[in-house]
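Notes for the structure review
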Amino acid sequence: MPDDRDPLDGVRPGGARSFWLRETLAAELPEPAADVATRPLTGAARADVAILGGGYTGLWTALRLTELAPGARIVILEADICGGGPSGRNGGFVTGWWDELPGLIARFGDSEAVRIARAVDEAVETIGTWSAANGVDAAYRHQGFLQVSAAPAQDGVWTEAVEACERLGVADRWHALTSDEVGARVRSPVFREGAFMPGAATVQPGALARGLRRVALERGVVIHERTRARGYSGARATSSGPVTITTSSAEGDGTLVADQVVIALNAWAAAWPSFGRRLVTWSSYVVLTEPIPDRLAEIGWTGGEGIADARFTLHYARTTTDGRIAIGGGGGRAGFGGRIGRPFTHDVGSARRAAEGLRRWFPSLTDVRIDDAWGGPIDITDDHRPWFGTLPGGRIHFGIGYSGNGVAPSVLGGRILAALAAGRRDDEAAGLPLVGATPRAFPPEPFRYLGARMFREAIVRREIAEEAGRRPSRLAHAISRIPRQLGYHLGPD
Ligand SMILES: Cc1cc2nc3c(=O)[nH]c(=O)nc-3n(C[C@H](O)[C@H](O)[C@H](O)COP(=O)(O)OP(=O)(O)OC[C@H]3O[C@@H](n4cnc5c(N)ncnc54)[C@H](O)[C@@H]3O)c2cc1C
């Protein structure tokens, strides 16, 4: 009998911060000194380096700068609180890029592709070693990442990447699994074969974000939370001298004059003139179950690996140290003109699709209670790779476009951006070919929004039909392939 109970159990996204961040904030000690250090900016201030955005990218950049430029005055402006954005709301997958190898090879060639993927592996490891060294309990578990086929249409999606890894002598980084090998890690009636990446981990995302904030404050970084950067002037290629950033907060307006600026605004960058055309914003939602350690044992999922299916609008799920499942869905909605509003946080339909994914994967867990649901924006580039670079004039550097996979890459992003802001172009990270590889522009609004929306609806319809063993409609199939036909590396073939 079909179960028509609300898969969200009445839980609605958007009413509160994510479970991860609530859990972390509740455990934080009152920090009177830090409260003063993180009060909103009012009046005039000066910085050597100003960082816009206090998520992982901004915080890793600040920390790296304390090493590259000791004594520099580093100031972070954060519109909310550090970790209030996707850095405190994501699924906590810390994955490498070996599954992306064919795309990297096509763009950068064999050896640079391997160099980039190795740098992301190093970023995965850094999160573990840095957390341990700095007393940050971010529940880092280095247990690998499993991609599964959850429908015949998804079979072998990983083959090209697995073969590329074999050809380049890195077969241990990403290799295929038979259905029995998948079943030895987790049992699901819809899982088929798969592929495994041993060099991947999971974290409690909010704990990582707030841990980075604490250590940044300890190292003398100034953080103004609840302070929105409204724009900047003086950054033209032809002008010399510092950049002036105007800010606003509930306590008043301010200005920050800085020699170097780092933009670490994630999807919010889509509303800023230099970046809007290179990004499509999209929502993603996560739902979290009650603790069910015994039920995890029943389905054999006790190894702590993260799992994702091979849909374009993928489902991804991981377990937590107290035996919950967090499952996310990439089938959210497109945003208009870079505006990040309620559809990114309050969309019940997208959260419900994530919960339905859990039921489909594990029908035996249908009775398990959902404790929380939340969403956030992701910033998608034409080829799903982040974009790092410097604007003309040489004083504004940026790292955006993680396309929903930013936990590990933002560590690398921090290294790159700190090197650019410190003028250390000799730094190995700044020399990666990712730097300055400008993504293809998307059409202007309203075509970008309308195209993304039409594409999303077609692709969701196509993938749901494929999972149900039905032929997708010709129209949905044709529309879902349009981005690739136009040269964007988005969507299924
Ligand atoms: C639901 C969801 C699940 C995800 N799951 C995963 C996952 O499992 N694994 C993975 O690798 N990635 C995942 N991601 C993506 C990942 O969270 C991001 O790529 C990553 O957090 C980006 O970090 P960031 O610092 O660049 O951006 P953010 O964390 O978004 O930080 C940007 C900050 O800028 C602030 N801001 C915005 N405008 C202004 C302004 N004008 N002035 C000052 N501050 C401003 C925002 O408040 C925000 O805090 C997920 C994303 C979402 C939404």
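Quick summary incoming for the structure in this document.

1. Points about the overall build of the chain
- Helices and strands together make up the secondary structure of the chain, namely 14 helices and 18 strands.
- For 493 residues, the compact-globule estimate of 2.2 N^0.38 gives 23 Å, and the chain sits close to it at 22 Å.
- Dimensions of the chain, computed from C-alpha atoms along their principal axes, come out at roughly 65 × 50 × 45 Å.
- Sorting the 493 residues of the chain into buried and exposed places 58% on the buried side.
- Within the chain, counting contacts between residues at least 6 apart in sequence, those at least 24 apart form 77% of the total.
- Taken as a whole, the chain presents about 19,500 Å² of accessible surface, with 52% of it coming from carbon and sulfur.
- When the 56 basic and 56 acidic side-chain charges of the chain are each reduced to a single mean position, those positions are 7 Å apart.

2. Let's talk about the packing of aromatic side chains
- Evaluated as defined, the whole model comprises 16 aromatic pairs.
- Taken together, a centroid distance of 4.7 Å and an interplanar angle of 65° make the contact between W387 and F398 edge-to-face. Of the two residues, W387 is situated in strand β17 (residues 387-390) and F398 in strand β18 (residues 396-400); the sequence distance between them amounts to 11 residues.
- One aromatic cluster is present, built from ring pairs that chain together F93, F145, W174 and Y316.
- Sitting above the plane of the F196 ring, R185 keeps its charged end 3.8 Å from the centroid.

3. Description of the nonpolar core
- Residues I51, W98, L101, W174 and L208 are the most contacted members of the largest nonpolar core, which totals 81 residues.
- No other element matches helix α5 (residues 110-133), which puts 10 residues into this core.
- Excluding residues that lie within four positions of it along the chain, W174 makes contacts with W98, D99, F145, Q147, W158, A161, V162, C165, A195, F196 and M197.
- If you look at the next biggest cluster of nonpolar residues, it comprises 31 residues, including L177, I292, I299 and A317.

4. Points about the environment of W60
- By secondary structure assignment, the location of W60 is in helix α3 (residues 56-68).
- Judged by its relative accessible area of 6%, W60 is buried.
- In this structure W60 touches I127, W130, L208, L212, S410, V411 and G414, once residues within four positions along its chain are discounted.

5. Things to note about the pattern of salt bridges
- Using the criterion set out here, one finds 33 salt bridges in the structure.
- For the salt bridge of D6 with R12, the shortest nitrogen-to-oxygen distance reads 3.3 Å.
- Its relative accessible area of 40% is what places R12 among the partly exposed residues.
- Note that R369 and D371 form a salt bridge whose closest N and O atoms lie 2.8 Å from each other.
- With relative accessibility at 41%, the residue R369 sits in the partly exposed group.

6. Digging into the sheet that holds strand β14 (residues 315-319)
- One open sheet accounts for 8 strands, arranged β5-β6-β4-β13-β14-β15-β12-β16; its pairing is mixed. Since the sheet does not close on itself, it has two edges, and those belong to β5 (175-177) and β16 (370-380), each with one partner. Put simply, the sheet's adjacent strands are angled 20° from each other on average, direction ignored.
- Judged from the 2 bridges that link them, strand β13 (residues 306-309) and β14 form a sheet pairing that is antiparallel. For I307, the partnering residue across the bridge sits in β14 and is A317.
- Sitting on the sheet, helix α1 (residues 19-27) is in contact with β12 (280-289), β14, β15 (325-329) and β16, with an inclination near 110° to β16.
- The strands that helix α10 (residues 348-361) touches are β12, β13, β14, β15 and β16; relative to β12, the one it contacts most, it runs at about 50°.

7. As for the pairing of strand β6 (residues 194-197)
- Residues of β6 alternate between two faces, with G194 and F196 on one and A195 and M197 on the opposite face, all of them buried.
- Here strand β4 (residues 145-148) pairs with β6 via 4 bridges, running antiparallel. Looking across to β6, one finds that V148 is bridged to G194.
- Summarising the sheet, β5 and β6 pair through 3 bridges and their orientation is antiparallel. Among the inter-strand pairings, A176 is bridged to a residue of β6, identified as A195.

8. With respect to the packing of helix α4 (residues 101-108) against α5
- Two numbers describe how α4 lies on α5: the axes approach to 7 Å, and their chain directions differ by 130°. Relative to α5, α4 is oriented oblique. Handedness of the α4/α5 crossing: right-handed. Residues L101, L104, I105 and F108 of α4 pack against D110, E112, A113, V114, I116 and A117 of α5.
- Residues that form the contact of α4 with α5 fall into these classes: 8 nonpolar, no polar and 2 charged.

9. So, helix α12 (residues 447-467)
- Across its 21 residues, α12 extends 30 Å between first and last C-alpha, which sits within 8% of the 30 Å expected from 1.5 Å per residue.
- A positive backbone phi angle near 80° is found at G469, which sits one or two residues after α12.

10. Section: the pairing of β14
- Of all 5 residues that make up β14, 5 are buried, and the element is covered over most of its length.
- On β14, burial covers both faces: H315, A317 and T319 on one face and Y316 and R318 on the other are all buried.
- Once β13 ends, the chain turns through 5 residues before running back antiparallel as β14.
- The sheet contact formed by β14 and β15 spans 5 bridges and is antiparallel. Along β15, the bridge assignment pairs Y316 with G328.
- Connecting the antiparallel pair β14 and β15 is a turn made up of 5 residues, with G323 showing a positive phi of about 85°.

11. Some thoughts on unusual backbone geometry
- Of note, the amide linkage connecting E445 to P446 takes the cis form, showing an omega dihedral of 10°.
- Checked against the element boundaries, P446 lands in the loop between α11 (409-421) and α12.
- At D9, a residue that is not glycine, the phi angle is positive and equals roughly 55°.
- Within the secondary structure, D9 is located in the segment before α1.
- Residue R226 is not a glycine yet carries a positive backbone phi of 55°.
- Here R226 is to be found in the loop between β8 (222-224) and β9 (228-233).

What counts, and where the lines are drawn
Residues numbered from 1 in each chain as written. Predicted model: local features only at pLDDT ≥ 70, side-chain atom pairs only at ≥ 80, totals over all residues. Heavy atoms only, no water. Helix = DSSP H or I, 4+ residues; strand = E, 2+ residues; numbered from the N terminus. Rg over C-alpha atoms; globule rule 2.2 N^0.38 Å. Buried < 20%, exposed > 50% of the residue type's maximum accessible area, 1.4 Å probe, protein only. Contact = heavy atoms within 4.5 Å. Areas by Shrake-Rupley, 256 points an atom, 1.4 Å probe, with all protein chains shown as cover. Lys, Arg positive; Asp, Glu negative; His and termini not counted. Charge placed at Lys NZ, Arg CZ, Asp CG, Glu CD. Phe/Tyr/Trp six-rings, centres within 6.5 Å; stacked < 30°, edge-to-face > 60°. Lys NZ or Arg CZ within 6 Å of the ring centre and 35° of its normal. Core = buried A, V, L, I, M, F, W, Y, C linked by side-chain atoms within 4.5 Å. Salt bridge = Lys/Arg side-chain N within 4 Å of Asp/Glu carboxyl O. Pairing = 2+ DSSP bridges. Axes fitted to C-alpha atoms, helices over the stretch in contact; angles between N-to-C directions. Parallel < 35°, antiparallel > 145°, perpendicular 65-115°, else oblique. Left-handed = near helix turned anticlockwise from the far one by under 90°. Nonpolar A, V, L, I, M, F, W, Y, C, P; charged D, E, K, R; others polar. Expected span 1.5 Å × (residues − 1).

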